[in-house]
Amino acid sequence: GTRIDWDEVIDAEMSRRRQLENSPIDSMNEDKVLFSTDEIPWWAWVRRFHLPQAEKLNGRAAMVGYVMALFVDQLTGVGLLDQQNSFLGKLLLHITVFGVLLIQSNDDVKKYAGLLSEATFYDEQWNASWKGRERPQDE
């Protein structure tokens, strides 16, 4: 039989979606569906999108963890295996992994800075509204 190049199918679907985002067209639920992304096997999606990203994140976590382990070793004299067996070592391992997952690019740092700014904005406004005034005390 014919062999399907799933990467080309995914490229075509991404191109189609980009076109629809830029130039939406009316459609009805009754319109016949000519292509469904369900037809693309799961392994093609995983290979195309998840594996490269997973490899990048795994490499970052390994490098950050290794550098931090060397730093702790130099600072305290506690070797790598002893660090892994300690509570602090396991805690730092989790912090490293979650940190790498949460901050995958420089844009993520900007995003979290914006969230922090947004989270404190109303509190800053509230405090500014009391500037030069005496606040009523809670009883």
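The structure presented is a predicted model; accordingly, all values stated were derived computationally and were not measured.

S.K.: Describe the side chain of Gln83, listing the residues and the values that go with them.
M.R.: Examined against the element boundaries, Gln83 turns out to sit in helix H3 (residues 80-85). Note on Gln83: relative accessible area 10%, which makes it buried. For Gln83, the residues in contact, after removing those within four places along its chain, are Ala69, Val72, Asp73, Val78, Gly89 and Lys90.

S.K.: Describe the pattern of salt bridges, with residues and values.
M.R.: On inspection of all chains with the given rule, the structure shows 3 salt bridges. For Glu13, the salt bridge goes to Arg17, with nearest N and O atoms at 2.8 Å. Of this pair, Glu13 and Arg17 both sit in helix H1 (residues 6-22), 4 residues apart, roughly one helical turn. With relative accessibility at 5%, the residue Glu13 sits in the buried group. Residue class for Arg17 comes out partly exposed when judged on its relative accessible area of 41%. Between Asp108 and Lys111 there is a salt bridge, with the nearest N and O atoms lying 3.7 Å from each other. In this pair, Asp108 and Lys111 are both assigned in helix H5 (residues 106-129), 3 residues apart and thus about one turn of the helix distant. Here the salt bridges do not stand alone but share partners, grouping Glu13, Arg16 and Arg17 into one network.

S.K.: Please provide a residue-by-residue account of the packing of H1 against helix H2 (residues 42-76), values included.
M.R.: With their axes 10 Å apart at the nearest point, H1 and H2 run at an angle of 75° to one another. When the axes of H1 and H2 are compared, the pair comes out roughly perpendicular. On the side of H1, the interface is formed by Trp6, Asp7, Ile10, Asp11 and Met14, while H2 contributes Trp43, Ala44, Trp45, Arg47, Arg48 and Phe49. Here the residues of the contact of H1 with H2 sort into 7 nonpolar, no polar and 4 charged.

S.K.: Outline the environment of Gln19, supporting the account with residue identities and numerical values.
M.R.: Inspection of the secondary structure puts Gln19 in helix H1. Given the relative accessible area of 53%, Gln19 is considered exposed. When the C-alpha atoms of Gln19 and Phe87 are compared, they prove to be 52 Å apart, with 68 residues separating the residues in sequence.

Conventions adopted
Residues numbered from 1 in each chain as written. Predicted model: local features only at pLDDT ≥ 70, side-chain atom pairs only at ≥ 80, totals over all residues. Heavy atoms only, no water. Helix = DSSP H or I, 4+ residues; strand = E, 2+ residues; numbered from the N terminus. Buried < 20%, exposed > 50% of the residue type's maximum accessible area, 1.4 Å probe, protein only. Contact = heavy atoms within 4.5 Å. Salt bridge = Lys/Arg side-chain N within 4 Å of Asp/Glu carboxyl O. Axes fitted to C-alpha atoms, helices over the stretch in contact; angles between N-to-C directions. Parallel < 35°, antiparallel > 145°, perpendicular 65-115°, else oblique. Nonpolar A, V, L, I, M, F, W, Y, C, P; charged D, E, K, R; others polar.

Read these as spatial facts, not as claims about activity.
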